[in-house]
Amino acid sequence: MILVVLDHDGSRLRKASLEALTRARRLAEALGERVAGVLLAEGQAPVEEARGHVETLYVAELGPYTAEKWAAGILEAAKAGVKAIVAPSSRQSRTYLGRVAYALKAGLLEDTLDSWAEGGQVYATRYAYLNRVTQKVRSALPVVLTVKPNTTPLAEPLGAQGEVVALSLPPVATVEVLERVQEEKKGVSLTEADVVVTGGRGLGSPEAFQKVEELAALLGGAVGATRAVVDAGWRPYSEQVGQTGKTVQPSLYIALGVSGAVQHLAGMNKSKYIVAVNKDPEAPIFKHADYGIVGDVHQVLPALIHAVKKLKD
Amino acid sequence: MKFIAVIRQVPDGESRLRIQGDRVDLSGATLILDQMDEYGVEEALRLKEKHGGEAVVVGFGPERTEEAIRTALAMGMDRGIHVVYEGYADPVTVAEALAPILKEESPTLILTGGQQADWDSQALGGALAEALGVPVVAWTTALELEGETAKAKHDLDEGAEWVRVRLPAVFTTQQGLNEPRYPTLPGIMKAKKKEIKKVPFGGGSRVEILQESIQEKTRLQKVLDGKDPVAAAEELVRLLHEEAKVI
């Protein structure tokens, strides 16, 4: 069995789950295995949608997320005999799958760009060294594999309705969730956006981000922020791009008043085109940019907004 | 009380990486205590300063890892344990290597970095927790001891949450948790005399690296002068529209 972790938002499967399904089907075909899904939920879960993608769907209602409960749910589903577990790559999955991989004594291939099976082994490509190096790796079975978002075509439903198996788990109560701090979500999601406009410390104030938002909205993109900006409390952590924030790979990445620290580059250096605006011609960001303007971001940003509006007209 | 920081030595992110025979060659790179692990060392020191007890650094990696362990000792950790292993090891294997040592030490809690700056793995915290049969709290930004439990704030994929967790537990660290201190000169002198216990590890990695390549995209580096911001902005938008075709 190839087991896919079907991540969802309570009402729909996430796009990343459909990518994981594609990868799982490829492995299943090469290894002569069937594909099953596991749907873990806090409350509502898209059971009907999920069963259209798999022959067997394991479902567990687990309450608030903890790595322990999610790992227990997956391990329970895996008891039917698992060769590979495929999951969308996220901070949470990369934590609970560490538990799962250890429990199964499996090879763990994290955040893979591609994966395939050959001669009973699983191969994958992935980034390392803060996204600077591409590795080709290999593991024997069993294997636990996470799929980097936006790397894989989306799976179509099978047109069948898979059998639903409810999992019952012994209580796991080592972590008690006291308070959830939800962040307001608006516009396009940062990791899925095709255009990302990021503001750095060079913007000088949280108010200056209004213009960043305006440019992002004009380009149908999302707003990003550097660590310095988030540390200063100007923007929420959910917008942070970099090693300790989100990794993005849009077609167009615009860095405004960003110096270009390595930790920041690690989160965006795979973008197709990088644009930098900074008043310091020596800023490291220019070495990593396709296009740049050396100038005062407070003058250039409004001019950019104006120029984009003109183009759209 | 005993606070353990699990660390590794990695190339500085600013270091130039070279490829030699299909693999990354670190011989010319500056190697440092992983900055993510540094937050764990700092937190162990702060917990010890507040609650008393011992702060122990456990390093995994080749002989050179001893330098990173010495850095942690110079920051103030009491003693070190070095699990010596050459080459790449996946997180499950690393957890297997460290588990017997950590069990024997029987710590109050264990800290390690949220992501490794060389292998980009985020799984060691989870794997260690499973190996020890204890909970894991990932991407921790606040940590307080409350008797047999700890209260912690940590990041989720969306948002953050406060949790209470029974100890012992594993916490993975990140920016925001603290500001790591610099080793002082007296600290560096003292560190030379502190004990580092060497433990060989004879296991092998489940995951094998077959090939590594550096594919840093060549960037166009077309930089415009912004003295006339309107003209520069218009030219940039033209380039993005006509040349790059991304808007």
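Before reading further, recall that the structure is shown in the block above.
Parameters at a glance
Sequence order sets the numbering: in each chain, residues are counted from 1 along the sequence as written. Think of it this way: whatever chain is written first is A, whatever ligand is written first is 1, and the rest follow in order. Whole-chain, interface and lining totals are the exception, using all residues; otherwise, since this is a predicted model, local features are given only for residues with pLDDT of at least 70 and side-chain atom pairs are given and counted only at 80 or more. By convention in this description, side-chain values take in all heavy atoms of the structure and omit both hydrogens and water. In this text, helices come from DSSP runs of H or I with a minimum length of four residues, and strands from runs of E with a minimum of two, each type numbered from the N-terminal end. Exposure is judged per residue with a 1.4 Å probe applied to protein chains only, and the accessible area is read against the type maximum: over 50% gives exposed, under 20% gives buried, and values in between give partly exposed. Here Asp and Glu are counted as negative and Lys and Arg as positive; His is not counted, and neither are the chain ends. Just so you know, the charge point we use is NZ for Lys, CZ for Arg, CG for Asp and CD for Glu. For every element, the axis is a line fit to its C-alpha atoms; helices are fit only across the contacting stretch, and the angle between N-to-C directions ranges from 0 to 180 degrees. The scheme is simple: roughly parallel for angles under 35 degrees, roughly antiparallel for over 145, roughly perpendicular for 65 to 115, oblique for anything else. Left-handed describes a crossing whose near helix is turned anticlockwise from the far helix through less than a right angle; right-handed describes the clockwise counterpart. Contact between two residues is taken to exist if any of their heavy atoms lie within 4.5 Å; hydrogens are not considered. Three categories are distinguished: nonpolar for Ala, Val, Leu, Ile, Met, Phe, Trp, Tyr, Cys and Pro, charged for Asp, Glu, Lys and Arg, and polar for the others, with Gly belonging to the last. Nine residue types can take part in a nonpolar core, namely buried Ala, Val, Leu, Ile, Met, Phe, Trp, Tyr and Cys, and a core is a set of them joined through side-chain atoms within 4.5 Å. Using protein atoms alone on a 1 Å grid, points that fit a 1.4 Å probe yet trap it form a cavity, whereas open point sets bounded by protein on both sides within 12 Å along at least five of seven lines form a pocket; residues with an atom within 4 Å of a point count as lining. Grid points are joined across faces, edges and corners, and a volume is the space filled by probe spheres set on the points.

Undergrad: Help me get a handle on the overall build of chain B, residues and values and all.
TA: The secondary structure content of chain B amounts to six helices and 15 strands. If you line up chain B on its principal axes, its C-alpha atoms span 65 × 45 × 40 Å. The proportion of buried residues among the 247 residues of chain B is 59%. Separation of charge centres in chain B, based on 30 positive and 41 negative side chains, amounts to 4 Å.

Undergrad: Could you give an account of the packing of helix α5 (residues 209–218) of chain A against helix α8 (residues 297–312) of chain A, naming the residues involved and the relevant values?
TA: All names here are of chain A. Two numbers describe how α5 lies on α8: the axes approach to 10 Å, and their chain directions differ by 20°. One finds that α5 runs roughly parallel with respect to α8. Considering the relative orientation of α5 and α8, their crossing is left-handed. From α5, K211, V212, E214, L215 and L218 reach across to α8, where they touch L301, P302, L304, I305, V308, K309 and K312. Classifying every residue of the contact of α5 with α8 by side-chain character gives eight nonpolar, no polar and four charged.

Undergrad: How would you explain the nonpolar core if you had to name every residue and give the values?
TA: L3, I74 and I85 of chain A are the most contacted members of the largest nonpolar core, which has 59 residues in total. Looking at this core element by element, the count peaks at eight residues for helix α3 (residues 91–105) of chain B. The residues touching L3 of chain A, leaving out its near neighbours within four places in the chain, are A36, G37, V38, Y58, I74, A77, A78, V82, A84, I85 and V86 of chain A. Of all hydrophobic cores here, the second largest spans 41 residues; its members include L13, A84 and Y129 of chain A together with A29 of chain B.

Undergrad: How would you sum up empty space enclosed by the protein? Please name residues and give values.
TA: Per the counting criterion, the structure on display carries five cavities of 30 Å³ or more. Empty space within the largest cavity amounts to approximately 80 Å³. In terms of lining, the largest cavity is formed by 13 residues, of which the most central are L108, E110 and R126 of chain A together with Y88 and P91 of chain B. Residue assignment for the lining of the largest cavity shows that the elements contributing at least two residues are β5 (107–118) and β7 (133–140) of chain A.

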